[in-house]
Amino acid sequence: MICTEDEDDPFPVDDCLFAETFSQDTVYNLVGQELKIRQVFGANLGVAAPVWEAALHLCCYFEEQPVELRGKRIIELGAGTGVVGILAARLGAAVTLTDLPLALPQLQSNVSANMPSSGWPTTPPTVLPLSWGEDHTNFSSDWDLVLCADIIYLPETYPLLVETLAHLCKNEAMVYLSSKMRIEHRTPSFYEECLPSRFSVELVNRDDKQNINIYRASLRKDQ
């Protein structure tokens, strides 16, 4: 398996805002694809700025497991730098990348920088704003996969995220969520209490060293 980056630790471990704006380009080799991802620290981007470890773990999971991405309709929530969704698009998925409006310029820049020389295999990724629990009904429910990487860290947003996921998954979309299991942010409680209130949830991968879990979830039939 090839799942590497060209620096040992190119992003900060903790969520934070940066006093000054600066950018850093990092090359990742994932599932046979070379992605150049720019991380813009500052400008109040906060947690949307870095490539988080959980995102890279989800990319590697797609290489290790038989998850078919080609030809699938995929939406990513809280896409940040876009590394997961861009990889899926490079592998032939029709991808919509979403985040809060402030994060969209960085996201669009990374999409443009990673267009294959021969063009996107299907359609170019779409970048759109999405605020959980507010404008999710502007999006269709016609997805195959919903991807979420390290977006479980603000407990007040958990009910809004579950509501958004339930709307997106009405037509039996499968959700993959990769998370650093931060006790201080009540991340475990999201997977043990909030998400199971409407979804069937399965732990499919656990990295004890990095404390990262990957879950697969589907909307329950009674919802």
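Our subject is the structure that appears above.
Because the structure is a prediction, the values reported are computed rather than measured.

Draft legend 1. Here's a closer look at the overall build of the protein. Scanning the protein from terminus to terminus reveals 5 helices and 10 strands. A burial count over the protein gives 50% of its 223 residues as buried. Summed over all atoms, the accessible surface of the protein reaches about 10,200 Å², with 49% contributed by carbon and sulfur.

Draft legend 2. Local environment of the nonpolar core. Core analysis: the largest hydrophobic core is formed by 37 residues, its most contacted members being Leu-30, Phe-62 and Val-84. Sorting the residues of this core by element identifies strand 2 (22–30), strand 3 (33–41), helix 1 (53–64), helix 2 (83–90), strand 5 (94–99), helix 3 (104–113) and strand 7 (145–149) as the ones contributing at least two each. It is helix 1 that contributes the most residues to this core, 7 residues altogether. When neighbours within four sequence positions are excluded, Phe-62 is seen to be in contact with Val-67, Leu-69, Val-84, Leu-147 and Tyr-176. Listed in part, the 28 residues of the second largest apolar core include Ile-75, Leu-130, Val-162 and Phe-190.

Draft legend 3. How the structure looks around the packing of helix 1 against helix 2. At a minimum axis distance of 9 Å, the contact between helix 1 and helix 2 shows a crossing angle of 25°. Relative to helix 2, the element helix 1 is oriented roughly parallel. Contacts between helix 1 and helix 2 involve Ala-55, Leu-58, Cys-59 and Phe-62 from the former and Val-83, Val-84 and Leu-87 from the latter.

Draft legend 4. Up close: the pairing of strand 10 (residues 212–219). Taken across its 8 residues, strand 10 has 6 buried, putting it largely inside the fold. Two elements, strand 8 (residues 174–180) and strand 10, share 7 bridges in a ladder whose sense is antiparallel. Looking across to strand 10, one finds that Ser-178 is bridged to Ile-214. As judged from the 8 bridges shared by strand 9 (residues 199–207) and strand 10, these two strands associate in the antiparallel manner. Bridged to Ser-200 within strand 10 is Ser-218.

Draft legend 5. Inspection of the pattern of salt bridges at higher detail. Following the criterion strictly, the structure yields 8 salt bridges and no others. We note a salt bridge from Glu-172 to Lys-221, for which the minimum N-O separation is 3.1 Å. Of the two residues, Glu-172 is situated in the loop between helix 4 (158–168) and strand 8 and Lys-221 in the segment after strand 10; the sequence distance between them amounts to 49 residues. Taking the relative accessible area as the measure of exposure, Glu-172 reaches 64% and is therefore exposed. Classification of Lys-221 as exposed rests on a relative accessible area of 73%.

Draft legend 6. Seen up close, the packing of aromatic side chains. According to the stated counting rule, one finds 6 aromatic pairs in the structure shown. With a centroid separation of 5.1 Å and an interplanar angle of 90°, the aromatic rings of Phe-190 and Tyr-191 are classed as edge-to-face. Positioned above the aromatic ring of Trp-143 is the side chain of Arg-73, whose terminal nitrogen or guanidinium carbon lies 4.7 Å from the ring centre. The ring centre of Trp-52 lies 6.0 Å from the NZ or CZ of Arg-182, which sits over that ring.

Reading the values: rules and limits
- Residues numbered from 1 in each chain as written.
- Predicted model: local features only at pLDDT ≥ 70, side-chain atom pairs only at ≥ 80, totals over all residues.
- Heavy atoms only, no water.
- Helix = DSSP H or I, 4+ residues; strand = E, 2+ residues; numbered from the N terminus.
- Buried < 20%, exposed > 50% of the residue type's maximum accessible area, 1.4 Å probe, protein only.
- Areas by Shrake-Rupley, 256 points an atom, 1.4 Å probe, with all protein chains shown as cover.
- Core = buried A, V, L, I, M, F, W, Y, C linked by side-chain atoms within 4.5 Å.
- Contact = heavy atoms within 4.5 Å.
- Axes fitted to C-alpha atoms, helices over the stretch in contact; angles between N-to-C directions.
- Parallel < 35°, antiparallel > 145°, perpendicular 65-115°, else oblique.
- Pairing = 2+ DSSP bridges.
- Salt bridge = Lys/Arg side-chain N within 4 Å of Asp/Glu carboxyl O.
- Phe/Tyr/Trp six-rings, centres within 6.5 Å; stacked < 30°, edge-to-face > 60°.
- Lys NZ or Arg CZ within 6 Å of the ring centre and 35° of its normal.

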